[in-house]
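Descriptive structure summary
The primary structure of each chain is shown beneath.
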Amino acid sequence: MSGKQGEYLKGIIGTGEGEGAHEEGIQPVLDRPRRPNAILSRTNSIERLASGELRQVTEMRLDPARCRIWRGNARRYEMLNEVACSDLIDSIVADGGQKISAIVRRVQDDPEHEFEVIVGTRRHWTISWLRKNNYPDMIFIARLENLDDEAAFRLADLENRARKDVSDLERAWNYKLALTSYYGGRQKAMAERLKITPGWLSKMLTVADLPTEIIEAFPALDSIALNVGYEIACALGTKRRAEILKIAADIRTEQASLRINGTTLIDGRKVSARLLAAPTPKLRQDPLQIKRAGRTITSLVSKTRSAMTIRIHNPADLNNADIGEAVAQLVKTVMEH
């Protein structure tokens with residue numbers, strides 16, 4: 001090959017930095033000039049899009065007011081504010097606009113909205129806030145996807161797992177909603193689709209059932225960690241429930257007073273420690289006994305986790321019906337303690 005031929009081929013093939021060089025599977029054409037090669041590359045790409053080998057991504061510049069928030073997202077939009085989004089506000093202002101696209105899908109039969117935000121709730125809130133606060137030209141950047149609800153949930157969940165600003169409790173509520181909405185109540189099927197263990201999913205669903213009285217004792221949702229929330233939820237299923245709820249009521253009163261005074265709230269670790277320190281109620285100090293006409297029929301001698309010992313007083317003077325009724329009443333009384 002002559003020097004001129006080598007230079008000619010080098011000019012056609014390039015160094016891997018020319019137009020079309022990053023299209024996977026597209027080979028340089030040696031016997032055609034550079035421009036036809038670019039046209040062929042585009043034609044090839046179109047054919048691959050049509051075949052499904054490549055997927056075209058549509059990124060749009062949107063007015064955030066035309067976008068609503070998908071109800072299946074774990075993040076509570078109403079809890080977003082200038083403080084919670086301060087880092088994102090500063091970042092978008094410094095960058096001159098939004099750099100990371102949100103993900104939306106089209107909606108039907110909603111005259112006020114054209115799109116629904118699947119991923120990027122904070123970005124949507126921040127752009128909306130900036131447009132109202134000295135940056136009216138800020139645009140909401142989003143990628144359009146065609147997703148059903150279950151696929152939207154899985155996509156949003158993947159992003160939320162990597163974000164610290166979505167609390168464990170919010171995700172637990174989101175999982176509980178998804179279980180009935182998209183998976184027909186089948187925990188195993190849901191775990192398989194999300195690629196998580198059934199045990200971990202069960203733990204999340206247990207935390208989702210924490211009563212409001214407990215949640216309101218904490219300073220914020222993100223102060224209820226998954227493991228602590230699960231431990232409290234399990235404790236509520238024991239005889240300690242009444243004591244735990246009583247302590248929670250006391251803490252709520254204290255927190256309300258601290259808020260009024262502008263004082264630092266009791267942090268989550270201290271709240272959980274106080275709740276979990278609730279004692280197990282003990283049996284009455286006086287002997288449990290069942291009496292008839294002032295006469296003791298039966299009484300409790302001792303009780304363990306697996307058994308209880310009962311004394312029948314003067315059984316020879318009693319009929320079987322009286323004994324059976326008294327014993328049943330005693331057992332019920334013991335179990336209620």
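The structure under discussion appears in the preceding block.
Here goes a summary of the coordinates provided. Keep in mind the model is a prediction, meaning the values are calculated, not measured.

**So, the overall build of the protein**
Counting its secondary structure elements, the protein contains 13 helices and eight strands. When each of the 337 residues of the protein is scored for burial, the buried share is 36%. Contacts in the protein between residues at least 24 apart in sequence constitute 62% of all its contacts with a sequence separation of at least 6.

**Thoughts on the packing of aromatic side chains**
Taken as a whole and judged by the stated rule, the model has seven aromatic pairs. Taken together, a centroid distance of 6.4 Å and an interplanar angle of 20° make the contact between Trp 70 and Tyr 182 stacked. Here Tyr 182 lies in helix H6 (residues 168-182) and Trp 70 lies in the loop between strand S2 (67-69) and helix H3 (86-95), a separation of 112 residues in the sequence. Side by side, Trp 70 and Tyr 182 carry an identical accessibility label, which is buried. Each ring, one from Trp 125 and one from Trp 129, has its centre 6.4 Å from the other, and the planes form 15°; the classification is stacked. Remark: Trp 129 and Trp 125 occur in helix H4 (residues 121-132); sequence separation between them is four residues, near one turn of the helix. Trp 129 carries the same exposure label as Trp 125, and that label is buried. Chaining the aromatic ring pairs together yields one cluster made of Trp 70, Phe 153, Tyr 175, Tyr 182, Tyr 183 and Trp 200.

**Regarding the side chain of Asn 174**
Note that Asn 174 resides in helix H6. According to the relative accessible area criterion, Asn 174 is buried, its value standing at 7%. Sequence-distant contacts of Asn 174, that is, excluding residues within four places in its chain, are made with Gly 72, Asn 73, Ala 74 and Phe 153.

**Structural notes on the nonpolar core**
Ranked by internal contacts, the top residues of the largest apolar core, which has 46 residues, are Ile 118, Phe 153, Tyr 175, Met 190, Leu 210, Ile 214 and Leu 275. With six residues, the top contributor of residues to this core is H6. If we skip the residues at most four places from it in the chain, Leu 210 touches Ile 215, Ile 224, Gly 229, Ile 232, Ala 233 and Leu 236. Counting residues in hydrophobic clusters, the runner-up holds 19 residues, among them Leu 62, Cys 67, Ile 127 and Trp 129.

**Points about the pattern of salt bridges**
In the structure shown here, the tally under the stated rule is 16 salt bridges. Between Glu 116 and Arg 105 there is a salt bridge, with its nearest N and O atoms 2.9 Å apart. With Glu 116 in strand S4 (residues 115-119) and Arg 105 in strand S3 (residues 102-106), the pair connects residues that are eleven residues apart, well separated along the chain. The exposure class of Glu 116 is buried, given its relative accessible area of 6%. Note on Arg 105: relative accessible area 10%, which makes it buried. Among the salt bridges present, the one from Arg 105 reaches Asp 149, with a minimum N-O distance of 2.6 Å. Linking Arg 105 in strand S3 with Asp 149 in helix H5 (residues 149-161), this pair joins segments that are 44 residues apart in sequence. Salt bridges here are not isolated pairs; linked through shared partners, they connect Arg 68, Arg 105, Asp 110, Glu 116 and Asp 149.

**Observations regarding the sheet that holds strand S7 (residues 295-303)**
Reading across from one edge, S6-S7-S8 is the order of the three strands in this open sheet, with antiparallel pairing throughout. The open sheet is flanked by strand S6 (289-292) and strand S8 (308-312), the only strands paired with a single partner. Sheet twist, expressed as the average angle between the axes of neighbouring strands with direction ignored, equals 15°. Of the strand pairs in this sheet, S7 and S8 are connected by five bridges, and their pairing is antiparallel. If you follow Ser 299 over to S8, its bridge partner there is Arg 311.

**Topic: the packing of H3 against H4**
It is at 10 Å that the axes of H3 and H4 come closest, and there the two elements cross at 65°. When you trace H3 past H4, the crossing you get is right-handed. Packed against H3, whose contacting residues are Asp 87, Leu 88, Ile 89, Ile 92 and Val 93, the element H4 presents Arg 122, Arg 123, Trp 125, Thr 126, Ile 127, Trp 129 and Leu 130 at the interface. Here the residues of the contact of H3 with H4 are counted per class, giving eight nonpolar, one polar and three charged.

**What to know about helix H12 (residues 268-276)**
Listed as buried for H12 are Gly 268, Val 271, Ser 272 and Leu 275. Looking down the long axis of H12, one finds its buried residues gathered within 95° of arc, a one-sided arrangement. The outward face of H12, more than 90 degrees from its buried face, is lined by the exposed residues Arg 269 and Lys 270. Lining the buried residues of H12 we find helix H9 (212-215), helix H10 (226-235) and helix H11 (241-261).

**Some thoughts on the packing of H6 against helix H8 (residues 198-207)**
Here H6 crosses H8 at 105°, and the two axes come no closer than 8 Å. What the angle tells us is that H6 and H8 run roughly perpendicular. On H8, the residues that touch Asp 168, Leu 169, Arg 171, Ala 172, Tyr 175, Lys 176 and Leu 179 of H6 are Trp 200, Leu 201, Met 204, Leu 205 and Val 207. Among the residues forming the contact of H6 with H8, the class breakdown is nine nonpolar, no polar and three charged.

Criteria and thresholds
Residues numbered from 1 in each chain as written. Predicted model: local features only at pLDDT ≥ 70, side-chain atom pairs only at ≥ 80, totals over all residues. Heavy atoms only, no water. Helix = DSSP H or I, 4+ residues; strand = E, 2+ residues; numbered from the N terminus. Buried < 20%, exposed > 50% of the residue type's maximum accessible area, 1.4 Å probe, protein only. Contact = heavy atoms within 4.5 Å. Phe/Tyr/Trp six-rings, centres within 6.5 Å; stacked < 30°, edge-to-face > 60°. Core = buried A, V, L, I, M, F, W, Y, C linked by side-chain atoms within 4.5 Å. Salt bridge = Lys/Arg side-chain N within 4 Å of Asp/Glu carboxyl O. Pairing = 2+ DSSP bridges. Axes fitted to C-alpha atoms, helices over the stretch in contact; angles between N-to-C directions. Left-handed = near helix turned anticlockwise from the far one by under 90°. Nonpolar A, V, L, I, M, F, W, Y, C, P; charged D, E, K, R; others polar. Arc of directions from axis to C-beta. Parallel < 35°, antiparallel > 145°, perpendicular 65-115°, else oblique.

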